[in-house]
Structures are given as C-alpha cells and as structure tokens.
Amino acid sequence: MGDRTVITTQVAIMGAGPAGLMLSHLLAQAGIDSTVVEIRSREAISNTIRAGILEAGSVNLLVDSGVDNVLRNGHEHEGTEFRVNGVSHRIDFKGLVGQSVWLYPQNDVFDDLAARREADGGDVRYSCSNVDTADLTGQPKVFFTDEDGKDFELRAQILVGADGSRSHCRSAIPESERRWYFNEYPFAWFGILTEAPRSSPELIYANSEHGFALISQRTDTVQRMYFQCDPGTNPDEWTDEQIWEQLRLRVNGNGFELKEGPVTSKVVLPFRSFVAEPMRYGNLFLAGDAAHTVPPTGAKGLNLALHDVRLLFEGLDSFFKSGSSAILDAYSERALDRVWKAQNFSYWMTTLLHTVPQEENHAFFRARQLGELRSLLDSEHGRAYIAECYTGWQTK
Ligand code: PHB
C-alpha cells in the first residue's frame with residue numbers, strides 16, 4: 001500500500017451508472033463539484049443489456065440538461081398493446097392521459113451521459129477497487145484504489161450512494177437506522193436479443209395460459225423479447241427453436257405472427273422487489289437501485305433512479321447555494337412517495353400478467369386473473385389507470 005492522495009470535493013458519488021452520472025452532470029451545470037467513483041469499467045457498464053423505456057419526465061430531465069440524443073435516436077411510443085390469449089387491446093397513453101413514453105435503451109442513456117461528462121471534464125473514475133466509506137454522519141470519506149493502482153482518500157460534504165443493487169453504501173448504514181423490505185417471485189424472465197425486423201409498431205405485453213411474454217424493440221434490425229421462465233433456468237441449455245416455440249405459444253394468434261431471426265443473446269433475469277428506508281443516513285443519500293429494485297414488468301427501474309436524482313439535485317443545489325437544508329431534508333420522504341407507487345405498480349403488473357406455477361388453486365387464479373384483465377381493459381378508467389402509472393406520475 002502506497003501513500004494515499006487526498007482529494008476534496010463537494011459531492012462524492014459512488015457509482016457511475018445513469019443515476020450517478022446524471023447527478024454529477026446536473027451538479028456540474030449548477031457549478032457544484034463532484035467526483036464519481038465506480039468499480040466497473042466504462043465498457044462493462046456500457047455493454048450490460050438493460051431495459052429500454054423512458055417516461056416523458058425522464059426524457060425531459062435529459063433533454064433539459066442538454067443531453068438530447070434520445071430525441072434523435074429514441075422512438076416515442078404513444079401507447080402499448082396488451083395481448084390476452086392472443087386478443088389484442090391497445091392502451092392509448094396519449095389519448096387517455098396525454099403522455100407518451102420513449103423507447104431508448106439504458107445503455108444509450110449511459111453512453112450519452114458518460115460522453116457528456118468526459119467532454120465537460122467531469123471527474124469520473126471507472127475501474128476502482130478497494131472501495132470503502134467512513135464518517136457518514138460527519139465529513140464523509142471514500143477510500144479507493146484507481147485503475148493505475150494509486151490509493152486515494154476522497155473527502156466530501158455529501159456522499160451519494162448511487163452504486164446499484166449490490167450497493168456498498170446502503171450496507172454502511174447501521175442496521176438500527178434502516179429498514180429493508182423484500183419480495184421474491186416464483187418466476188424470472190428469459191431475455192433475448194434477436195436479429196429480426198420489428199414485429200409491431202409498439203411494445204406487446206402478452207398474457208397467456210402458457211405464461212407471460214414481452215415483445216420490445218431495439219433497432220430496425222435488432223429486437224428485445226422476454227418470456228416468463230422458472231428462476232432456475234439455464235439459458236445456455238435453450239436452442240433458438242425452443243425459445244421461439246415459447247414466444248409463439250404466448251404471443252401469436254388471430255393472424256398475428258412474430259418476426260423471427262437468430263438469437264444473439266440469452267439471459268435469465270431474476271425478479272425481486274426491494275426498498276431500503278430511509279434513503280438517507282447523516283450525510284449519505286441513496287439514489288436509484290442502491291435504494292430500490294423493482295421487477296421489470298412496469299419498466300420503472302431507470303425512471304425511478306432518474307426521479308431520485310432530480311429530487312436529490314434540487315436539495316443539493318439549494319443546500320450549496322443558500323445553505324438551507326430544508327429541501328435536502330425532505331429528499332427521502334419525497335423520493336419514497338414515488339418509490340412505493342412504482343413498487344406497487346411493478347408488483348401489480350407482474351401478478352396481473354404472469355401465470356403462477358401449477359398449484360392447487362391454479363384454475364381459480366387463472367380465471368380470476370382473466371376477470372381482472374377484462375375489468376381493466378374493457379374500462380376506459382382501467383386503461384387510463386394503467387396509462388397513468390406506466391407513463392409516470394406527476395412529481396409532488
Ligand atoms: C426493454 O425494452 O428491455 C423493456 C421494455 C419494457 C419493460 C421491460 C423491459 O417493461
């Protein structure tokens with residue numbers, strides 16, 4: 001161990017995912033210094049396939065801060081399709097609640113923010129190791145070794161834990177000062193990328209007796225699709241033909257057929273709901289997946305993270321400019337208001353659309369589920385409720 005170089009900044013940010021980089025970018029625009037410490041390499045983050053739907057509020061946050069590739073390379077979706085036993089029902093977001101969403105993959109959000117931070121001379125350190133934190137209730141410190149093997153001590157007034165679902169920062173909060181909520185699900189998603197044209201202009205959320213499937217998109221020639229599977233599934237054991245058979249069973253019918261192609265990526269994504277409360281301890285603030293994870297059915301993960309960042313930025317901006325901590329002090333409560341709405345929506349969409357493993361009351365569960373789907377989809381109020389939650393709630 002060599003000598004430690006001490007660096008000081010106003011805000012230390014753990015994690016250079018979209019949440020950490022977005023916060024660092026907003027702070028820089030407000031003239032507030034930050035240093036971002038990340039354990040993964042920039043390439044590893046950029047290459048991790050993540051979800052793809054941005055609420056209008058997330059798009060506005062990016063565009064208003066000058067990161068606007070989404071407007072050129074993303075696709076605005078004014079609605080989505082629910083397919084129940086092969087019968088399609090459109091949820092007209094724009095017509096029902098006046099909002100739309102954008103299909104723009106999280107990797108692209110990351111690439112845009114990373115490029116912008118680099119162009120603006122932001123202090124973002126990827127590929128760090130030996131990361132540790134101290135003095136969270138006083139002047140927070142982050143210890144780390146950079147990619148060249150040099151040891152640093154980063155001192156800040158505020159530490160932000162935007163370090164993802166395996167957050168180090170979250171675990172640094174004493175057990176007596178926090179509460180963790182969990183829910184696990186008896187299924188997972190099998191996710192693929194396929195070289196094929198788009199099958200439909202909008203996303204398709206399909207419910208069938210064979211299980212759930214989601215037909216999403218990436219480009220004119222690459223598509224993203226998922227189907228419900230057992231959490232123990234090994235994706236390498238599945239052939240393309242077996243995958244397409246499952247997707248066909250769940251989505252095709254009544255004249256509609258998926259456009260098929262070679263499968264170029266296969267992954268099994270476990271489902272989990274998690275919340276860490278409060279999202280603050282002393283001068284440590286948690287944001288994004290570090291504080292909460294949702295099952296992907298409601299497309300809320302990245303949107304919640306960006307919403308946290310928006311609220312946290314408001315608090316930090318006011319704190320550093322006027323010395324008032326009132327907005328910062330309200331951060332956890334304000335953020336959790338939306339977190340629990342999104343937890344509910346993600347859980348509810350999941351139980352609405354997935355089939356439970358065979359069990360004694362399977363027949364009752366399935367018939368009740370179809371009744372719930374009919375009562376929602378036959379009702380303008382029901383469709384509007386889905387549209388309101390999916391496109392994102394107004395900020396309080
Ligand atoms: C995706 O495109 O990866 C995607 C879209 C909607 C979801 C989840 C994932 O709900």
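As the structure is a computational prediction, the values presented were derived from the model and not from experiment.

What counts, and where the lines are drawn
- Along each chain, numbering runs from 1 in the same order as the chain's sequence is written.
- For a predicted model such as this one, the threshold for reporting local features is a pLDDT of at least 70, and the threshold for listing and counting side-chain atom pairs is 80 or more; totals across whole chains, interfaces and linings nevertheless cover every residue.
- In computing side-chain values, all of the structure's heavy atoms are included and hydrogens and water are not.
- Between 30 and 60 degrees the pair is tilted, below 30 it is stacked and above 60 it is edge-to-face, where a pair is any two Phe, Tyr or Trp rings, Trp via its six-membered ring, whose centres lie within 6.5 Å.
- Per the convention used, a helix needs a DSSP run of H or I reaching at least four residues, while a strand needs a run of E reaching at least two, with both numbered from the N terminus.
- Summary of the burial criterion: residues with accessible area below 20% of their type's maximum are buried, those above 50% are exposed, and those between are partly exposed, where the area comes from a 1.4 Å probe applied to protein chains only.
- Expected span of a helix: the number of residues minus one, times 1.5 Å.
- Residues are labelled near a given molecule or strand when at least one of their non-hydrogen atoms is within 4 Å of it.
- Polar contacts, as counted here, are pairs of nitrogen or oxygen atoms within 3.5 Å of one another; within protein the pair requires one atom able to donate a hydrogen and one able to accept it, and residues that are adjacent in sequence qualify only if both atoms are side-chain atoms.
- Each accessible area value is a Shrake-Rupley result obtained with a 1.4 Å probe; residue values ignore everything except the protein chains displayed when judging cover.
- Residue contacts are defined here by distance: any two heavy atoms, one from each residue, within 4.5 Å place the two residues in contact.
- Residues grouped as a nonpolar core are buried Ala, Val, Leu, Ile, Met, Phe, Trp, Tyr and Cys residues, joined through side-chain atoms within 4.5 Å.
- Note on pairing: two strands pair once DSSP finds at least 2 bridges between them.

A. Examining the packing of aromatic side chains more closely. Per the stated rule, a full pass over the model turns up 23 aromatic pairs. For the pair Y185 and Y347, a centre-to-centre distance of 6.1 Å together with 55° between the ring planes defines the contact as tilted. Taken together, the residues Y185 in strand β14 (residues 179-195) and Y347 in helix α11 (residues 331-353) connect sequence positions 162 residues apart. For Y347, a relative accessible area of 41% gives the class partly exposed. Taking the centre distance of 4.9 Å and the plane angle of 10° together, the rings of F190 and F227 count as stacked. Linking F190 in strand β14 with F227 in strand β17 (residues 222-229), this pair joins segments that are 37 residues apart in sequence. Under the relative-accessibility criterion, F227 is labelled buried at 1%.

B. Focus on helix α6 (residues 106-119). Taking 1.5 Å of rise per residue, 14 residues should cover 20 Å, and α6 covers 20 Å from first to last C-alpha, within 8% of that figure. For α6, every residue scored as buried is listed here: Q106, N107, V109, F110, D112, L113, A114 and R117. A positive phi of about 75° marks G121, the residue just after α6.

C. Up close: the site of the ligand. Taken together, the neighbourhood of the ligand is formed by 14 residues, with Y205, S216, R218, Y226 and P296 sitting nearest. R218 places a polar side-chain atom, nitrogen or oxygen, 2.8 Å from an oxygen atom of the ligand. Protein burial of the ligand: of its 280 Å² of free accessible surface, 100% is covered by the chains. Those elements giving two or more residues to the shell around the ligand turn out to be β16 (211-217) and β17.

D. Focus on the side chain of S200. In this structure, S200 sits in the loop between β14 and β15 (204-208). Of the residues examined, S200 reaches a relative accessible area of 11% and is grouped as buried. A polar contact of 2.6 Å, which involves the side chain of S200, links it to the backbone oxygen of E202. Every residue in contact with S200, bar those within four places of it in the chain, is listed here: Q217 and F256.

E. A look at the nonpolar core. Of all hydrophobic cores here, the largest spans 103 residues; its most connected members are L54, F82, Y205 and Y390. Discounting chain neighbours no more than four positions away, the residues touching F82 are V87, S88, H89, I91, Y205, M349, L352, L353, L373, L377 and I386.

F. A look at the pairing of strand β10 (residues 129-134). Relative to strand β11 (residues 141-145), β10 runs antiparallel, the two sharing four bridges. Counted as the bridge partner of T133 is V142 from β11. Counting the residues between successive antiparallel strands, the hairpin from β10 to β11 contains six residues, one of them, D135, with a positive phi of roughly 55°.

Limitation: the analysis is restricted to geometry and does not speak to function.
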